[in-house]
Amino acid sequence: MSKHKKQEAIPKPSLLPSARKLLGTSLLFWFAERKRDLPWRKTKDPYSIWVSEIMLQQTQVATVIPYFERFLKSFPTLDILAAADEQEVLMHWQGLGYYRRARMMHQAAKIILSNHDGIFPREPEALAQLPGLGRYTRNAVLSQAFDYRLPILEANTKRVLARLFGLMQDIDSSSGNKFLWEAAEEILPESDIGAFNQAMMELGSLVCTVSSPKCGSCPLSTICLARQSDLVGNIPVKKKKVVVTQVAELATVLVNGKKILLGKRPAGQRWAGLWEVPHDTPTYDFSELKALRSISKKYVSLMPRKFLEIGRVVHPVTRFKITVRVFLGKVSGRAKSGFYEELAWVAPEEMGGFPKSSPQSKIIAMALKALAGSKT
Ligand code: SF4
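Keep in mind that what you see is a predicted model, and the values were worked out from it rather than measured.

Reading the values: the criteria
Residues numbered from 1 in each chain as written. Predicted model: local features only at pLDDT ≥ 70, side-chain atom pairs only at ≥ 80, totals over all residues. Heavy atoms only, no water. Near = heavy atom within 4 Å. Nonpolar A, V, L, I, M, F, W, Y, C, P; charged D, E, K, R; others polar. Axes fitted to C-alpha atoms, helices over the stretch in contact; angles between N-to-C directions. Helix = DSSP H or I, 4+ residues; strand = E, 2+ residues; numbered from the N terminus. Parallel < 35°, antiparallel > 145°, perpendicular 65-115°, else oblique. Contact = heavy atoms within 4.5 Å. Phe/Tyr/Trp six-rings, centres within 6.5 Å; stacked < 30°, edge-to-face > 60°. Buried < 20%, exposed > 50% of the residue type's maximum accessible area, 1.4 Å probe, protein only. Lys NZ or Arg CZ within 6 Å of the ring centre and 35° of its normal. Pairing = 2+ DSSP bridges. Salt bridge = Lys/Arg side-chain N within 4 Å of Asp/Glu carboxyl O. Domains from an automatic or database assignment. Buried area = accessible area lost by both parts, 1.4 Å probe. Polar contact = N/O pair within 3.5 Å; in protein donor to acceptor, adjacent residues only side chain to side chain.

(A) Region of the structure containing the site of the ligand. Near the ligand you find Arg163, Val207, Cys208, Cys215, Cys218, Ser221, Cys224, Arg227 and Val232, and these make up its full shell. Its residues assigned to classes, the shell around the ligand shows six nonpolar, one polar and two charged.

If you want it as structure tokens, here you go:
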């Protein structure tokens, strides 16, 4: 007998036609009454919907709205986005995080322009060939723009479906995920697919929330298995929480006169194309000064004689919590780097022209403040 425990098979999700009809009618009625007025809900343009879907990945609706509006003002069509410089695209993404999304969307726009005459493809198979267009994004755009009968599954709908069908398996396991995709397909109505898919997400965001779901005012309460079985608090089932690891870093802000040295991160690296000051985890074989000098030497071949600590920045990255201690060091001489794609000495008034990650924006703002307050 195999020593591995065989995974319990999950029966296929199914609904009686009457329950499916009730679900579609109640949900669409609720959505028409309660939906939030969001800019991407006012359009059927696949390009605009695509931009909104990419921005909404891992990011809250309220945060996305101003970014979405600014982005479409600067890049109103797919052709304009495809022709834009990557640095310009990253500038519009600055502060939104997960910059890979922006780079992949930009690459995909270029491919659509060259391979599809700039017309957003309507076939899921063609979209699957493009970077950053996974099953969820493809189906979300095609169902909202063209009302294609395609299911969607993301964090909110996963939770709603797991509760609706009383799924007692881990929602992130492959069998749980398969079940939920089948469930998302099973509940689709015959028409109004775009609105229906959005309604499911809206329900997850406003009513069937992670904690304290408002079952009393839920349009699906009469057919919800978790509600009927008093299991709402137990579903969705998730594997144990990821343990957060604390990481300490040192950042060296190298200053010459009023200018700060920035490096552009190379392609293929996290935060590729964004600008930053050298930073790294310290090597504890050295004193702090030696650790700081070794970081600035490693990245830009400069070694200040001394450093002044000006503050710290804390930022979470997936399962890490990174605390960066920020130091200023005066330098002269020529910087060169085997790591950064480019180096630039940047005056305070030019800083806005260099796209940066959020933690780096905070570090540089802190440095600019310290420099403005210093006598030199
Ligand atoms: S009844 Fe409660 S648990 Fe079920 S879908 Fe509605 S809000 Fe979620």
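Next comes the rest of the account.
(B) Inspection of the packing of helix α9 (residues 155-164) against helix α10 (residues 174-186) at higher detail. Interhelical geometry of α9 versus α10 gives an angle of 85 degrees and a closest axis separation of 10 Å. Judged by the angle between their axes, α9 and α10 are roughly perpendicular. When α9 is examined against α10, the residues Lys158, Leu161 and Ala162 are found in contact with a partner set consisting of Asn177, Leu180, Ala183 and Ala184. Partitioned by chemical class, the residues of the contact of α9 with α10 number five nonpolar, one polar and one charged.

(C) Just the packing of aromatic side chains, in detail. Throughout the structure, instances matching the rule amount to twelve aromatic pairs. Residues Phe307 and Phe327 carry aromatic rings whose centres are separated by 6.5 Å and whose planes lie at 85 degrees to one another, so their mutual orientation is edge-to-face. Taken together, the residues span a long stretch of sequence, with Phe307 in the loop between α13 (288-300) and β5 (308-317) and Phe327 in strand β6 (residues 320-330) at a distance of 20 residues. Given the relative accessible area of 16%, Phe307 is considered buried. Note on Phe327: relative accessible area 3%, which makes it buried. In this structure an aromatic cluster arises from ring pairing among Tyr47, Trp50 and Phe120. The side chain of Arg122 reaches across the aromatic face of Phe146, ending 3.9 Å from its centre. Its end group placed over the ring of Trp181, Arg135 keeps NZ or CZ at 3.7 Å from the ring centre.

(D) Quick look at the environment of Ala344. With respect to the secondary-structure elements, Ala344 resides in strand β7 (residues 342-346). Along the sequence, Ala344 and Lys259 sit 85 residues apart, while their C-alpha atoms lie 9.2 Å from each other. The contact partners of Ala344, leaving out residues within four places of it in the chain, are Ile260, Leu261, Leu262, Trp275 and Phe354.

(E) Representation of the environment of Glu342. Within the element layout of this structure, Glu342 appears in strand β7. For the pair Glu342 and Gly176, spaced 166 residues apart in sequence, the C-alpha to C-alpha distance is 46 Å. Setting aside its immediate chain neighbours within four residues, Glu342 contacts Leu262, Gly263, Lys264 and Trp275.

(F) The pairing of β5, seen in detail. Relative to β6, β5 runs antiparallel, the two sharing nine bridges. Bridging across to β6, Val313 finds its partner in Val324. What sits between the antiparallel neighbours β5 and β6 is a turn of two residues, in which Thr318 has the positive phi angle 40 degrees.

(G) Quick peek at the pattern of salt bridges. According to the stated counting rule, one finds 15 salt bridges in the structure shown. We note a salt bridge from Asp37 to Lys42, for which the minimum N-O separation is 3.3 Å. This pair shows no difference in class: Asp37 is exposed, exactly as Lys42 is. Arg149 is the salt-bridge partner of Glu190, the closest N and O atoms lying 4.0 Å from each other. Of the two residues, Glu190 sits in the loop between α10 and α11 (193-206) while Arg149 sits in the loop between α8 (135-146) and α9, which places them 41 residues apart along the sequence.

(H) How the structure looks around the domain arrangement of the protein. Here the domain parsing of the protein yields domain 1 (17-234) and domain 2 (245-373). Distance from the C-alpha centre of domain 1 to the C-alpha centre of domain 2: 37 Å. Between domain 1 and domain 2 the total buried area reaches about 810 Å² when both faces are included, carbon and sulfur atoms providing 50% of it. Counting the contacts that link domain 1 with domain 2 gives five residue pairs in polar contact (both at pLDDT 80 or more). Among the elements that take part in the side of domain 1 that touches domain 2, helix α5 (residues 86-93) stands out by supplying four residues, more than any other. Along the lines of polarity and charge, the residues of the side of domain 1 that touches domain 2 split into three nonpolar, three polar and two charged.

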